[in-house]
Amino acid sequence: GESVGLHLPTLSVQEGDNSIINCAYSNSASDYFIWYKQESGKGPQFIIDIRSNMDKRQGQRVTVLLNKTVKHLSLQIAATQPGDSAVYFCAERPVDSSYKLIFGSGTRLLVRP
Amino acid sequence: NAGVTQTPKFQVLKTGQSMTLQCAQDMNHNSMYWYRQDPGMGLRLIYYSASEGTTDKGEVPNGYNVSRLNKREFSLRLESAAPSQTSVYFCASSERGFGEKLFFGSGTQLSVL
């Protein structure tokens, strides 16, 4: 099976609690950010995205916060469920990289029943 | 609606063998991408096609070639496989501006012995 994420940081949360997954990005010139969820053996699945002219964006049970001052991105998951267990990736799109996405290495979320 | 379809799902090659990974999307997306994913690392861009008829190198293009056969199909070829190319390969396509909201296939796990 897939061996991605052997040495990833792990966040363990109780079912029903809120989860916050953090991501530090590197390029102050990035204009777009995106979060993906990846379950074992599957491809990354789009969760939510945000442009640099926004600070916050909400989806269904998820919220993305962008702090450009400290180059920090976070994904908040409300009422975490067992199905949320996966690896979560953030990605940034620097405008000086021909608009190609640069992905972080990911955080593993484990939901305890 | 199948989304992004990759074939094969698994492949084992001997060093020096060649093969082509196939990718097709049925969402009428303009841009398509090939990424590789290695343990503990983020997705790295191999090649991309911003629109039908164009292809460009990404971050790690050495040892690979691509063909944008038509708007739907984007193939990745390994001419002479090396053990360093053992990885999980993902194809993706995007509906909006280049580098935004990529949709990924389920991946091809490739082992080169």
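Here we summarise the structure given alongside this text. (Residues numbered from 1 in each chain as written. Chains lettered and ligands numbered in written order. Predicted model: local features only at pLDDT ≥ 70, side-chain atom pairs only at ≥ 80, totals over all residues. Heavy atoms only, no water.)

1. Here's the deal with unusual backbone geometry
Going by this rule: Helix and strand assignments follow DSSP, with helices taken as H or I runs no shorter than four residues and strands as E runs no shorter than two, numbered in order from the N terminus.
Here the amide bond leading from Thr7(B) into Pro8(B) is cis, since omega sits at -5°, within 30 degrees of zero. Turning to its location among the elements, Pro8(B) is positioned in the loop between strand 1 (4-7) and strand 2 (10-13).

2. Quick notes on the interface of chain B and chain A
Many descriptions give the size of an interface as the accessible area lost when the pieces come together. Put simply, the test is: Whether two residues touch is decided by their heavy atoms; if any such pair falls within 4.5 Å, the residues are in contact. We define buried area as the total accessible area lost by two parts upon association, computed with a 1.4 Å probe and summed across both. The salt bridge definition used is simple: a Lys or Arg side-chain nitrogen within 4 Å of an Asp or Glu carboxyl oxygen. Side-chain atoms alone can form a polar contact between residues adjacent in sequence; in general such a contact is a pair of N or O atoms within 3.5 Å, and within protein one must be able to donate a hydrogen while the other accepts it. For this classification, the nonpolar set comprises Ala, Val, Leu, Ile, Met, Phe, Trp, Tyr, Cys and Pro, the charged set comprises Asp, Glu, Lys and Arg, and every other residue, Gly included, is treated as polar.
Taken together, the contacts link 22 residues of chain B with 27 residues of chain A. Taken together, both faces of the contact between chain B and chain A bury some 1900 Å²; the carbon and sulfur share is 57%. Across the pair Arg93(A) and Glu100(B) runs a salt bridge whose closest N-O atoms are separated by 3.2 Å. Linking chain B with chain A are five residue pairs in polar contact (both at pLDDT 80 or more). Where the side of chain B that touches chain A is concerned, the elements lending two or more residues are strand 4 (31-37), strand 5 (44-49), strand 9 (87-94) and strand 10 (102-104) of chain B. Split by residue class, the side of chain B that touches chain A holds eleven nonpolar, seven polar and four charged.

3. Brief notes about the packing of aromatic side chains
Residue and element names in this part refer to chain B. Short version of the rule: Pairs were defined over the aromatic rings of Phe, Tyr and Trp, the Trp ring being its six-membered one, requiring ring centres within 6.5 Å. Orientation was assigned from the angle between planes: stacked under 30 degrees, edge-to-face over 60, tilted for the rest. Summary of the burial criterion: residues with accessible area below 20% of their type's maximum are buried, those above 50% are exposed, and those between are partly exposed, where the area comes from a 1.4 Å probe applied to protein chains only.
Applying the stated rule across the entire model yields ten aromatic pairs over all chains. Aromatic pair Phe 90 and Phe 104: ring centres 6.4 Å apart, planes at 85°, arrangement edge-to-face. Taken together, the residues Phe 90 in strand 9 and Phe 104 in strand 10 connect sequence positions 14 residues apart. In this structure Phe 90 comes out as buried when scored by relative accessible area, which is 0%.

4. Re the sheet that holds strand 3 (residues 19-25) of chain B
Residues and elements named next belong to chain B. We apply this condition: Pairing between strands is defined by DSSP: at least two bridges between the two strands are required. For helices, the fitted axis covers only the stretch in contact; all axes are lines through C-alpha atoms, and the angles between them, taken along N-to-C directions, range from 0 to 180 degrees.
Across the sheet, four strands lie side by side as 1-3-8-7; this open sheet has antiparallel pairing. In the strand order of this sheet, the two ends are held by strand 1 and strand 7 (64-68), each with one partner. Neighbouring strand axes in the sheet, compared pairwise and without regard to direction, differ in orientation by 15° on average. With five bridges joining them, strand 7 and strand 8 (residues 74-78) adopt antiparallel strand pairing. Bridged to Asn 65 within strand 8 is Arg 77.

Bear in mind that shape data such as this cannot, by itself, settle questions of function.
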